[in-house]
Number of protein chains: 2
Amino acid sequence: MQDKQDQAPTVDGISRRRLLGTAGAVGAGGLVLGAAGGAAGYAAAGPDAPAALSTLGSTQVAWGGEHQPGILQPLQARGHLIAFDLAPGAGRKEAAALLRRWSATAERLMKGEVSDGATAIALDAGPSSLTVTFGFGHSFFSRTGLEKQRPDALDPLPPFSSDRLDRKRSDGDLWIQIGADDALVAFDALRALQKDAGDAARVRWQMNGFNRSPGATAHPMTARNLMGQVDGTNNPKPAESDFDRRIFVPASGEPAWMAGGSYAVVRRIRMLLDDWEKLSVDAQEKVIGRRKSDGAPLTGGTETTEPDLDKVGADGKAVIPADAHARISRPDQNGGAAMLRRPFSYHDGIAADGTPDAGLLFVCWQADPLRGFTAVQRKLDRGDALSSFIRHESSGLFAVPGGPGKGEYVGQRLLEG
Amino acid sequence: MQDKQDQAPTVDGISRRRLLGTAGAVGAGGLVLGAAGGAAGYAAAGPDAPAALSTLGSTQVAWGGEHQPGILQPLQARGHLIAFDLAPGAGRKEAAALLRRWSATAERLMKGEVSDGATAIALDAGPSSLTVTFGFGHSFFSRTGLEKQRPDALDPLPPFSSDRLDRKRSDGDLWIQIGADDALVAFDALRALQKDAGDAARVRWQMNGFNRSPGATAHPMTARNLMGQVDGTNNPKPAESDFDRRIFVPASGEPAWMAGGSYAVVRRIRMLLDDWEKLSVDAQEKVIGRRKSDGAPLTGGTETTEPDLDKVGADGKAVIPADAHARISRPDQNGGAAMLRRPFSYHDGIAADGTPDAGLLFVCWQADPLRGFTAVQRKLDRGDALSSFIRHESSGLFAVPGGPGKGEYVGQRLLEG
C-alpha cells in the first residue's frame, strides 16, 4: 500500500521520450502499441532508471494520414469536447494561424511530448492513446469569408420533437475532441489547446466525458453506457466493404478539402436515470430490445447474434417490441443509414432538480449526416421507447477534414485552398 | 483498431465471480492483487471463455478489518464524494438501518459482485480497486439524539481568511467516499448507494474526481495535481513509527466507537489555473518551493531529498522562499502535525466567469483535525504564496469509524452502543 507515494525516482523529459521511441512503428490502424518490456533500453541504467510505461501509458496514436485520429481508435477512458467561436475581428488569416498552432500542439502531444512550460500538467506521462480531432461548424465559413467552401452536409440538423437544446452549449465555429486513457494527459492537452487559442478564439462550451478503463472488464467488449446497457453493438465495422463509403468522404468527394474527412454529430443526451432505475430489468430490456447482462437480442444468442425481429412470444406479442430502441435504430430499418458511434459518458454531479446530471456525450461519424444521424434520429424521435428516458440537451454538427499530410496542418486545404 | 467493438463474447455474472475467486488472499495492505494469468481456470473453456481481467480490473480491496478502506490504498483513477442529510423524521433507527444497507452494498460491490438489478451499470467489470468509506458529520449526532457520542474532534473547523465556502456544498449528516480505477464501477457504486438511501436520507451535495490511470506514467510516482505539480511528497508513510498514532484513533481512544477510525477533512479547492499558467515555470517553482519536473526541492536532489531551508542563492535570497508552499506546509514547521492527504482532482468544465472550474477535492486523514489540517491551514492561511492561486470553496469534517468486524456494519458501535 502507499506504493504510489513511497517510490519516487526522477524522470526527465528526455528519458521519457527516449523510452517512447522504443514503441515501434505505426500499425495499420494508426495505433503504435507500447513495446512489451519497454524497459529493455534501460537495462544498464541502475536502480533509478524509469520503469516501463504500461501499454496504457505507452500506446501512441499516429498523427496525420488519411483520416484524423479519434474516429477509428478504441474509446478512451477520458474525453474532453470543446467548441470555440472566432474572436471579433478574427478571420481567415487568424483561423489559419490558429489551426497551424493547434495542429503542431496536437502532433507533439500525441507523440508523448507533453507540454513542458507553464501549462505542463502531465510531465511524466506517456501519450496514453491521446487523440486530438478538429472540426469546423456551419458558422465558421461566414466568419472567414469561406461560404463557397461550406459543404451542404453542414446544413443545420432539423429540429426533433424530443429536443430540449441549450443553444449556448450547442454549435460553435470550431470544435475539438480530445481523448486519452489518462485524465491528466487529456487535461494537459485541453489546457495547451486553450492556451494556443490566444486572442483568436474564445471558448463557447466545454464538456467532459469518460469510458471504461482498459482492463476493467474481462473482455474488450462493446462499451456500456450509464444505463448499464451494452452500447455500440451494431456499429459498422471497418472490415465491412461499405464502411469507408458510409463513414468517410471519398478522395474524389466534394468539397475537395473534405477528402478523407467525416461529419461529426455531437449531442449531449441526458439520461433520466432516476426514472430508468425505477423500471424492472425486464422492463428495461423491453425498452432496449436486448438483454442487459450481455447485450444479446431478446430473441436469444449472444451480443453479435442477429435479432429475430419477427419472433412472437407465448403472449402473442413481438419478443422485441415494436418500439424497442434496438429495432428502430437498426440500419436495415433505415435504408442502410449508418453512423459510427464513438461516445463518451458524462456525469456532472447533481442537477438543479436533484436528479443526476449524467448521460451520453453522443458523438457519431458519417460521410453524410442526412443519411446517418438525421435519418435514424427521425425514426427514433417518432417511436423509440427509450425517448421517455433521455433528453437531447445540446447539439453540434462539424466538418472534420481528413488527416493532414506531412508538414500540413488540419484544414490547410480549406484555409489556403 | 475497433477491437473493443469487434469482439464481444458473453459474460455471465457467475463466470465473472468465479474468475475473481482466483484472485487470491488479502495482502497485508488490504489489497487483493489480481492473479497473473488469471485466465488459467478457463484453459479448457473454448474460444468464448472470458479473457483474464487485467490487474486493474481484478484488484480487490478488503472490506472490514481495523480501518475502513479508502484511506491507506493507492489513489484511484476515479472518485465520487457524496454527502447526505437524514430525511425529516428519520432518526437513529432509520440511520442504523441505512448504515446496515450501505455496509452490505459496499462489501458486495468491493468483492466485484456488481449490482445486478435495475441500477446495474458495470455488469462485466472486476472490482477495479473499489473502496467505499463512510463518515458522520457534526449534525448527524443531534439529529439522532447521539450528542453525547459526538467527538470533540468534530467541532467545526475555524474560519480561514481565504475561505469562500458554499455552505450548500459543505458539511452534511453523512458522507461517502467512493474510489475505483474504472469510472463505471465507481458510478455503479454511487447509484447503488444512492438507491439504498431510500426515504431515510437525501443527497446534500455530490462531487466527482479523478487521478492518474494506473500505468500512465513510467513510475508509481507521487501524484500530480492540475497545476502540474508533484503533490503528496511529504505525506506520512505507514512505515514511520508514529504513522498510526497520527492518522488513526487508537483502540483505547475516545470515543470508544471511533477506535481504529480517522477524521476526514474534505475541501473543494478551486485552482485559478488561468492565473497560474501566466506565471513562468520558474515563478511557479518559487511559489511551491519544488521543481515542477520531478518535485525535487529547489535546493537540489530528487523528490525525496530533504530541502535545505537555510540555503541562500547568489542573489542573497533564500533558495526556497519564505512563503513557499512546501516550506510552510512542512510538518516540522507545524509542531509535528501530520495528515495523510489522499485527494482527487476535479474538473467540472467552465465556470460562469469563463475560467476552468477545476482543482483539488482535497481529502486528508488524521487522528486529530486540530493538530492536523487546522494547524497547517492556519499557517498556510497567513503566508502561503500558493494562496493567491487557489480558493477553498467548500468544506466538510467527518468522523470515519474503524472498519467493521465480521457481520458488523459501519457505525454499529455508535448506533447500537
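In the block above lies the structure referred to throughout.
Here goes a summary of the coordinates provided. (Residues numbered from 1 in each chain as written. Chains lettered and ligands numbered in written order. Predicted model: local features only at pLDDT ≥ 70, side-chain atom pairs only at ≥ 80, totals over all residues. Heavy atoms only, no water.)

What to know about the overall build of chain A
Of the regular secondary structure elements, chain A holds 12 helices and 11 strands. Residues classed as buried in chain A amount to 62% of the 417 residues present. Pairs at least 24 residues apart make up 77% of the contacts formed inside chain A by residues separated by at least 6 positions. (Helix = DSSP H or I, 4+ residues; strand = E, 2+ residues; numbered from the N terminus. Buried < 20%, exposed > 50% of the residue type's maximum accessible area, 1.4 Å probe, protein only. Contact = heavy atoms within 4.5 Å.)

Notes on the packing of helix H4 (residues 92-110) of chain B against helix H6 (residues 183-197) of chain B
Residue and element names in this part refer to chain B. Two elements in contact, H4 and H6, have axes whose closest approach is 9 Å; the angle formed by their N-to-C orientations is 160 degrees. Relative to H6, the element H4 lies roughly antiparallel. When the axes of H4 and H6 are compared, the crossing they make is right-handed. The segment H4 lies against H6, with Leu98, Arg101, Trp102, Thr105 and Leu109 engaging Asp188, Ala189, Ala192, Leu193, Asp196 and Ala197. Across the contact of H4 with H6, the residue classes break down as seven nonpolar, one polar and three charged. (Axes fitted to C-alpha atoms, helices over the stretch in contact; angles between N-to-C directions. Parallel < 35°, antiparallel > 145°, perpendicular 65-115°, else oblique. Left-handed = near helix turned anticlockwise from the far one by under 90°. Nonpolar A, V, L, I, M, F, W, Y, C, P; charged D, E, K, R; others polar.)

A few points about the environment of A:Gly172
All names here are of chain A. Within the element layout of this structure, Gly172 appears in the loop between helix H5 (138-143) and strand E5 (174-180). Distance in space between the C-alpha atoms of Gly172 and Arg224 is 29 Å, their sequence separation being 52 residues. Dropping the residues within four chain positions of it, Gly172 is found in contact with Ala83, Phe84, Asp85, Gly137, Ser139, Arg204 and Phe398.

Overview of helix H9 (residues 281-288) of chain B
Residues and elements named next belong to chain B. Listing the buried residues of H9 in full gives Gln284, Glu285, Val287 and Ile288. Down the axis of H9, the sector holding all buried residues measures 155 degrees, keeping them to one side. On its buried face, H9 sits against helix H8 (273-276) and helix H10 (325-328). Among the residues trailing H9, Gly289 stands out with phi positive, at a value near 90 degrees. (Arc of directions from axis to C-beta.)

A closer look at the packing of aromatic side chains
One pair of aromatic rings is described through two measures. These are the centre distance and the angle between the planes. Tallying each qualifying case throughout the model produces 24 aromatic pairs over all chains. Ring geometry for B:Trp175 and B:Phe398: centres 5.2 Å apart, planes at 5 degrees, overall stacked. In this pair, B:Trp175 sits in strand E5 (residues 174-180) while B:Phe398 sits in strand E11 (residues 390-400), placing the two residues 223 residues apart along the sequence. Judged by its relative accessible area of 0%, B:Phe398 is buried. The ring centre of B:Phe210 lies 4.3 Å from the NZ or CZ of A:Arg78, which sits over that ring. (Phe/Tyr/Trp six-rings, centres within 6.5 Å; stacked < 30°, edge-to-face > 60°. Lys NZ or Arg CZ within 6 Å of the ring centre and 35° of its normal.)

Section: helix H11 (residues 370-383) of chain B
Helical geometry: 3.6 residues make up each α-helical turn, so side chains three or four residues apart lie on a common side. Residue and element names in this part refer to chain B. End to end, H11 covers 19 Å across 14 residues, agreeing with the expected 20 Å (1.5 Å per residue, within 8%). Considered for burial, the residues of H11 that qualify are Gly372, Phe373, Thr374, Val376, Gln377, Leu380 and Asp381. Around the axis of H11, the buried residues are gathered within 165 degrees of arc, so they sit on the same side. Turned more than 90 degrees off the buried face of H11, the exposed positions are Leu370 and Arg382. Lining the buried residues of H11 we find strand E7 (262-271), H10, strand E10 (356-366) and E11. (Expected span 1.5 Å × (residues − 1).)

A closer look at the pairing of strand E9 (residues 344-350) of chain A
Residues and elements named next belong to chain A. The buried fraction of E9 is high, at five of seven residues. The sheet contact formed by E9 and strand E10 (residues 356-366) spans five bridges and is antiparallel. Looking at the pairing, His347 lines up with Ala358 of E10. Where E9 hands over to E10, the hairpin turn is made up of five residues, of which Gly354 adopts a positive phi near 90 degrees. (Pairing = 2+ DSSP bridges.)

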